[in-house]
Amino acid sequence: MITTSQVPLLNHELISSHCHNESTDMFSTLGLFSKVSCPEKERCKRPNCLFSHSPDVKEVPTIPIPIAEASKPVASPSKTVPSQPVPSSSKISSRSPVSTSIPTKRPTSSTLQINNGVSAEPPRKLLKVGPASRPTALPSSSVGTDGVPVLRVPAAQSQVAIPVRQTMLKSLFEHYKVLYEHISDKYPTLAAEHSLRQEEQVYSKSQKLTYRNAVISSIASLKRRPKPDSINHPSVGTEADIAQREEEQKKLHSLRLTVAHIEPYVLTEDQMRKWSYIVDIPEGPGGDRPSEEGSIQKCDRCNQQFQVKRQEEADECVFHWGKPFTSKANGEKRRVYQCCSRTTDEDPCSKGPHVFYESEPENLHRRHAFSYTRAADDPMYTERKAFDIVALDCEMIYSTGGMRVARVSVVDGAGEEIFDELVRMDDGVEVIDLNTRFSGITAEDYSTATRQLASIRQSLDALINSNTIIIGHALDNDLKTLRMIHRRCVDTVAIFPHQAGPPYRRALRHLAKEHLGRVIQTGGATAGHSSVEDSIATLDLVRWHVLNKPKPKSKTVEADNAAAATS
């Protein structure tokens with residue numbers, strides 16, 4: 001007996017079967033499901049079922065998908081709620097015995113859950129999503145046979161065709177080569193390095209259509225630059241280098257150091273002792289033995305014993321002027337000298353006279369007596385006020401009295417030169433070696449020196465008193481050679497300490513290059529160093545630290561910490 005509720009279902013099945021019979025008569029089957037077992041199996045009533053009913057067909061795993069029943073409306077006790085239309089899925093599930101499993105082509109162990117009528121999506125492949133960025137093609141290079149750097153850039157990452165960029169790079173190189181013609185002998189790769197960096201900077205700031213014009217503009221700027229005669233000339237570098245240097249120089253030069261800026265950097269007496277400063281006058285009369293000519297000393301260059309003789313009579317020494325360092329080649333460590341890259345087992349690279357160096361306070365005092373800087377209230381210097389801050393540097397030479405000062409340079413807190421004098425040796429002291437590679441003093445220069453150290457000290461007393469803050473790099477050496485004892489010192493070896501700590505010190509040229517972008521001490525064997533250049537670099541390093549780094553801890557805090565550590 002067929003109930004009234006079953007009539008729609010029967011009509012639906014008859015229509016489906018009729019449509020299916022007509023479709024199979026009109027269209028031939030492709031057999032896409034002929035190897036798939038029918039989900040209805042024996043209950044299937046279709047006359048021409050698309051699925052297979054053969055017992056040999058392997059059953060494909062299925063994913064059961066439960067169908068949620070429609071929730072029944074809950075009537076409110078105070079108000080009757082009209083019935084809502086039942087979803088079609090609920091109708092099908094309530095009246096059809098058809099399985100809710102769906103065949104799949106590959107097995108899976110997961111099931112799709114439907115919670116509260118919302119299906120959980122299957123896991124998706126994680127994708128990194130972000131804003132579209134312009135492809136970057138930063139070049140590396142090698143140098144061609146004609147010296148032109150060759151771009152090594154992945155073509156797919158460059159918005160501008162590589163041949164176009166290479167042509168522009170070549171043009172930049174040719175103009176840099178002309179610009180650097182006076183310094184190319186010392187720096188043969190500088191034009192290639194700067195042209196490569198300039199091209200990279202132009203490419204990174206321009207678009208595909210503006211790149212060529214941007215390079216042409218850079219070349220026009222190069223033509224307007226004056227040709228540099230040294231590596232520190234303002235014309236040396238890329239446009240970005242020059243702009244950055246100018247900005248930093250403006251900041252440095254606009255800062256005039258005051259005592260308030262520098263006071264936190266002044267070394268305490270304990271710090272001065274740690275950095276080998278002489279803080280008290282050694283015992284003895286002082287100056288009673290200015291020269292060691294004729295005595296036996298240990299050579300500072302070759303470590304052999306020798307008899308001290310003046311330059312005209314000195315015995316020859318074979319040595320390395322550079323320091324040895326550990327180098328690793330082919331997995332093997334070896335000690336080589338920085339002056340010639342020869343190993344410690346090979347012959348030395350330089351020749352010169354035997355010389356000696358002294359550091360003991362008593363010996364230094366015997367060559368020339370130490371003295372304190374004058375008092376701030378000295379009545380002899382009331383006419384001219386001493387400077388609050390100065391930067392000082394000295395150049396030294398080898399003599400029969402050890403290493404002695406031969407040039408003194410002083411600049412004020414603004415970096416203006418206020419004193420620069422050559423120093424003649426004391427009576428009875430003869431030159432052994434001018435040490436031009438480091439001192440920068442030639443025989444011609446020294447021949448113009450007329451004033452001895454005592455006269456130089458009197459001139460310095462007019463500029464420096466006991467309250468003056470003296471800035472220097474390894475200032476203890478300068479004060480020793482001046483035989484000056486001063487208590488208000490700022491030393492860049494303490495501001496920028498070596499990672500190994502005292503007594504190790506970082507070289508001034510390395511600090512200037514790292515923090516100021518400045519190359520100093522490039523004179524070589526014939527020109528050497530400049531004490532004026534070094535004193536200005538030292539002052540600028542302190543300025544840089546004041547502008548860019550936090551102030552050192554106060555001396556009272558350090559004293560309290562030291563007291564707590566010893567208690």
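Heads up: the structure comes first, above all this text.
What comes next is a walk through the structure. (Residues numbered from 1 in each chain as written. Predicted model: local features only at pLDDT ≥ 70, side-chain atom pairs only at ≥ 80, totals over all residues. Heavy atoms only, no water.)

**Quick word on the overall build of the protein chain**
To keep things clear, this is the line we draw: Every helix listed is a DSSP run of H or I at least four residues long, and every strand listed is a run of E at least two residues long, numbered separately from the N terminus. Type-normalised accessible area, obtained with a 1.4 Å probe on protein chains alone, sets the label of each residue: buried when under 20%, exposed when over 50%, and partly exposed for intermediate values. To be clear on the numbers: accessible area is Shrake-Rupley with a 1.4 Å probe, and residue cover counts the displayed protein chains and nothing else.
In terms of regular secondary structure, the protein chain is built from 18 helices and 20 strands. The proportion of buried residues among the 567 residues of the protein chain is 36%. Only carbon and sulfur atoms are counted for the fraction: they give 52% of the accessible area of the protein chain, which is about 34,600 Å².

**Description of the pattern of salt bridges**
So the rule is basically this: We define a salt bridge as a contact between a side-chain nitrogen of Lys or Arg and a carboxyl oxygen of Asp or Glu at a distance within 4 Å.
In the structure shown here, the tally under the stated rule is 24 salt bridges. Among the ionic pairs, R367 bridges to E292, the shortest N-O distance being 2.8 Å. Taken together, the residues R367 in helix α9 (residues 361–367) and E292 in the loop between α8 (269–274) and β7 (296–298) connect sequence positions 75 residues apart. Judged by relative accessible area, which is 6%, E292 ranks as buried. R404 serves as the salt-bridge partner of D426, at 2.7 Å between the closest nitrogen and oxygen. Remark: R404 occurs in strand β15 (residues 402–412) and D426 occurs in the loop between β16 (417–422) and β17 (431–433); sequence separation between them is 22 residues. Sharing partners across several salt bridges, the network here consists of E269, R273, D280 and R487.

**A short note on helix α13 (residues 475–482)**
Where burial is concerned, most of α13 is hidden: seven out of the eight residues are buried. Among all positions of α13, only L475, D476, D478, L479, K480, T481 and L482 are buried.

**With respect to helix α5 (residues 211–224)**
Selection rule: Expected span of a helix, by definition, is 1.5 Å for each gap between consecutive residues, and there is one gap fewer than residues. Throughout, the arc means that of the directions going from the helix axis to the C-beta atoms. Should any heavy atoms of two residues lie within 4.5 Å, those residues are considered in contact.
For α5, spanning 14 residues, the distance from its first C-alpha to its last is 21 Å, which sits close to the expected 20 Å at 1.5 Å a residue. For α5, every residue scored as buried is listed here: Y211, V215, S218, I219, S221 and L222. Across the axial projection of α5, the buried residues extend over an arc of 160 degrees, all falling on one side. In α5, those exposed residues whose orientation departs by more than 90 degrees from the buried face are N213, K223 and R224. Where the residues of α5 are buried, they touch α3 (162–179), α4 (190–205) and α6 (239–254).

**Observations concerning unusual backbone geometry**
The residue after P502, namely P503, is reached through a cis peptide bond having omega 5 degrees. Not every positive phi belongs to a glycine, and K41 is a case in point at roughly 55 degrees. Structurally, K41 can be placed in the loop between α1 (7–26) and β1 (62–64). We note that N303 has phi near 65 degrees; this positive angle belongs to a residue other than glycine. The residue N303 is located in the loop between β7 and β8 (305–307) in this model.

**Description of the side chain of T400**
Within the secondary structure, T400 is located in the loop between β14 (389–399) and β15. Beyond its immediate chain neighbours, meaning those up to four positions away, T400 contacts S291, E292, E293, V308, K309, R310, F356, G428, V429, E430 and I432.

**Focus: the packing of aromatic side chains**
For any pair of aromatic rings, geometry is given as the distance between the ring centres together with the angle between the planes. Formally: Here the aromatic set is Phe, Tyr and Trp, taking the six-membered ring for Trp, and pairing holds for ring centres within 6.5 Å; pairs whose planes are under 30 degrees apart are stacked, those over 60 apart are edge-to-face, and all others are tilted. Sitting over a ring, as applied to charges here, requires NZ of Lys or CZ of Arg to be within 6 Å of the ring centre and within 35 degrees of the ring normal.
As enumerated under the stated definition, the model contains five aromatic pairs in all. Each ring, one from W321 and one from F438, has its centre 6.1 Å from the other, and the planes form 70 degrees; the classification is edge-to-face. On the criterion of sequence distance, the pair formed by W321 in the loop between β9 (316–319) and β10 (324–329) and F438 in helix α10 (residues 436–439) is long-range, its members being 117 residues apart. Owing to a relative accessible area of 32%, F438 belongs among the partly exposed residues under this scheme. Here R483 stacks its cationic end above the ring of F370, 5.8 Å away from the centre of that ring.

**Topic: the nonpolar core**
Note on soluble globular proteins: their nonpolar side chains tend to be buried together. Note the cut-off: What makes a nonpolar core is a set of buried Ala, Val, Leu, Ile, Met, Phe, Trp, Tyr and Cys residues whose side-chain atoms join them at distances within 4.5 Å.
Counting 38 residues, the largest nonpolar core has Y277, L392, V408, L460 and L482 as its most contacted members. Among the elements of the structure, β9, β14, β15, α12 (453–461) and α13 are those that each provide at least two residues to this core. The element best represented in this core is β14, accounting for five residues. Every residue in contact with L482, bar those within four places of it in the chain, is listed here: L392, C394, V405, V408, L453, R457 and L460.

**A few points about the environment of T448**
Quick reminder of the rule: Pairs of N or O atoms are called polar contacts if they sit within 3.5 Å, as long as, within protein, a hydrogen donor faces a hydrogen acceptor (for residues adjacent in sequence, only side-chain-to-side-chain pairs).
With respect to the helices, strands and loops of the structure, T448 is situated in the loop between α11 (443–446) and α12. Looking at T448, the relative accessible area reads 52%, which means it is exposed. With 26 residues separating them in the primary sequence, T448 and L422 have C-alpha atoms 7.8 Å apart. Among the polar contacts made by the side chain of T448, one reaches the main-chain carbonyl oxygen of D445 at a distance of 2.6 Å.

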